[in-house]
Amino acid sequence: MNRENIEKTLLKQIAFFSILILIVLLLGVLYYHFVEGLPFVDAFFFTAITISTVGYTMPENLSEAGRLFTSFLIFLGISVVLYGVSTVTAIIVEGKLSNYMKERRNRKMISKLKDHIIVVGAGKTGQYVIGELIREKENFVIIDLNEENINKVVEGYNISIPYIVGDAAEEDILLEAGVTKAKALITTLPEDHVNVFVVLSARTLNPTMTIISKVSDVASIRKLIYAGATTVVAAAEIAGTRMARLTTRPDSVNFLDLFAFGNESYRIEEVKIPPKSSIINKKLSELQLSKKFRIMVVAALRKGENIFGPDGDFEILEDDSLMILGRKEDIEEFKEFAKL
């Protein structure tokens, strides 16, 4: 039960409890005034002390029926008060317990993370990043100062996502997110100077992790690189270049969109060849990748050198990295075959 739901339920119960008290009070006042003949003020006063069980002296001329009614009113008043107090208390306790259990599960999920990705910012850009990570089935944790942004993401995907509400520029928050065990950090905050602080803090705590940062002003790119960012993405520059190329070279851009934004099953994935792989020292022509697995090697990385469009005589060596184009399931099938 979230805070908003707790407040709504609590207000409803308080209103219902107040109505019950007024009914009991009105019932007592009407009886003591019209049946027992007490003035309105005395009838109200006697009803109030009866409901509250204060125990002041009863009127001397109270009839036997009045004594029985008073006894009934005492039990009725106690029942209503106990109901109201117990209901309100239960709502508060349930809400706190629910929040406690939610936070406990959240902390437990974060503590188990390793080689995960930290996403700083759950705004518009962050939501696209999170969506892609979910599709890629990556482990990640969100950090954002605004809990509403996080709730929108969690409710939108309807899955359990570990998160931390706090300032990612603070080292304690990054440590809580497991920055020392993370493989990457992506910061998508709209303010460049805040991204600089986040990158600087993260790089200090984890010198080897990959850090990707968004930048609004290209003039801040150098600052982010100096702070320790591995790659800086200038959203405005990418959008502008893309818009221009859609005008000058629409066919080539639309072809690339097939893999980037179209059918989500298609992708270009980097595959590193481990020492015990079954395809070491084999040529691409021997493997017949396009025929057997419906994939294509578009490039290879060997000792820092990029080899684009390797031909059939290209021999795969240990520690090579292959850039493979194909559907996700076909790439996974190839990995299983090659023991990657």
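Everything below is about the structure printed above this text.
Keep in mind the model is a prediction, meaning the values are calculated, not measured. (Residues numbered from 1 in each chain as written. Predicted model: local features only at pLDDT ≥ 70, side-chain atom pairs only at ≥ 80, totals over all residues. Heavy atoms only, no water.)

Draft legend 1. Structural view of the packing of aromatic side chains. Scanning the model with the defined rule gives 9 aromatic pairs in all. Judged by centre distance (6.1 Å) and plane angle (80°), the ring pair of Phe16 and Tyr83 falls under edge-to-face. One end of the pair, Phe16, is in helix H1 (residues 3-34); the other, Tyr83, is in helix H3 (residues 64-112), with 67 residues separating them in the sequence. Since its relative accessible area comes to 36%, Tyr83 is described here as partly exposed. Ring centres of Tyr32 and Phe69 lie 5.7 Å apart, and the angle between their planes is 80°; on these two criteria the pair is classed as edge-to-face. Here Tyr32 is found in helix H1, whereas its partner Phe69 is found in helix H3, with 37 residues between them in sequence. The exposure class of Tyr32 is buried, given its relative accessible area of 0%. An aromatic cluster is built from Tyr31, Tyr32, Phe46, Phe69 and Phe72, whose rings are joined through pairwise contacts. (Phe/Tyr/Trp six-rings, centres within 6.5 Å; stacked < 30°, edge-to-face > 60°. Helix = DSSP H or I, 4+ residues; strand = E, 2+ residues; numbered from the N terminus. Buried < 20%, exposed > 50% of the residue type's maximum accessible area, 1.4 Å probe, protein only.)

Draft legend 2. Fine view of helix H13 (residues 328-338). Within H13, the full set of buried residues consists of Asp330, Ile331, Phe334, Lys335 and Ala338. The buried residues of H13 occupy an angular sector of 140° when projected down its axis, which confines them to one face. Its buried side turned inward, H13 meets strand E7 (266-272), helix H12 (289-292) and strand E10 (321-327). (Arc of directions from axis to C-beta. Contact = heavy atoms within 4.5 Å.)

Draft legend 3. Local environment of the side chain of Glu36. Among the structural elements, Glu36 can be located in the loop between H1 and helix H2 (40-52). One buried charge, Glu36, has no salt-bridge partner; the nearest side chain with opposite charge is Arg67, at 8.6 Å. Of the polar contacts made by the side chain of Glu36, one reaches the backbone nitrogen of Gly66; its length is 3.5 Å. Non-local contacts of Glu36, meaning those with residues more than four positions away in its chain, are made with Tyr31, Asn61, Leu62, Ser63 and Gly66. (Lys, Arg positive; Asp, Glu negative; His and termini not counted. Salt bridge = Lys/Arg side-chain N within 4 Å of Asp/Glu carboxyl O. Polar contact = N/O pair within 3.5 Å; in protein donor to acceptor, adjacent residues only side chain to side chain.)

Draft legend 4. Structural view of unusual backbone geometry. We note that Lys303 has phi near 50°; this positive angle belongs to a residue other than glycine. Among the residues examined, Lys303 registers a relative accessible area of 86% and is labelled exposed. Positive phi, close to 75°, is recorded for Asp319, a residue that is not glycine. By secondary structure assignment, the location of Asp319 is in the loop between strand E9 (305-308) and E10. Classification of Asp319 by relative accessible area gives partly exposed; the value is 43%.

Draft legend 5. Representation of the pattern of salt bridges within the structure. Summed over the entire model, instances satisfying the criterion amount to 9 salt bridges. Close ionic contact of Asp320 with Arg302 constitutes a salt bridge, the shortest N to O distance being 2.6 Å. One end of the pair, Asp320, is in the loop between E9 and E10; the other, Arg302, is in strand E8 (residues 296-302), and 18 residues separate them in sequence. When the shortest N-O distance is used, the salt bridge between Arg327 and Asp330 registers 3.1 Å. For Arg327, a relative accessible area of 27% corresponds to the partly exposed category. For Asp330, a relative accessible area of 2% translates into the label buried. Overlapping salt bridges, with partners in common, bring together Arg294, Arg327, Glu329, Asp330 and Glu333 in one network.

Draft legend 6. Summary view of the sheet that holds strand E1 (residues 117-120). Spatially, the 6 strands line up as an open sheet ordered E3-E2-E1-E4-E5-E6, and their pairing is parallel. Since the sheet does not close on itself, it has two edges, and those belong to strand E3 (163-165) and strand E6 (231-234), each with one partner. Neighbour-to-neighbour, the strand axes of this sheet turn through a mean angle of 15°, independent of strand direction. As defined by bridge partners, strand E4 (residues 184-187) adjoins strand E5 (residues 210-215) across 4 bridges and the pair is classed as parallel. The residue of E5 that forms the bridge with Thr187 is Ser213. Of the strands in this sheet, E1, E4 and E5 touch helix H7 (residues 192-205), which is tilted by about 175° from E5. (Pairing = 2+ DSSP bridges. Axes fitted to C-alpha atoms, helices over the stretch in contact; angles between N-to-C directions.)

Draft legend 7. Layout of H2. Between its first and last C-alpha atoms H2 spans 18 Å; for 13 residues at 1.5 Å apiece the expected length is 18 Å, and the two agree. Those residues of H2 lying buried are Ala43, Phe46, Thr47, Ile49, Thr50 and Ile51. Immediately downstream of H2, the backbone of Thr53 shows phi near 55°, a positive value. (Expected span 1.5 Å × (residues − 1).)

Draft legend 8. Structural detail: the sheet that holds E10. With antiparallel pairing, the 4 strands of this open sheet are ordered in space as E7-E10-E8-E9. If you trace the sheet from one side to the other, it starts and ends with E7 and E9, each paired once. Within this sheet the neighbouring strands show an average axis-to-axis angle of 20°, counted without direction. Bridge analysis of E7 against E10 gives 7 bridges, and the strand direction is antiparallel. The residue bridging Arg267 from the neighbouring strand is Gly326, located in E10.

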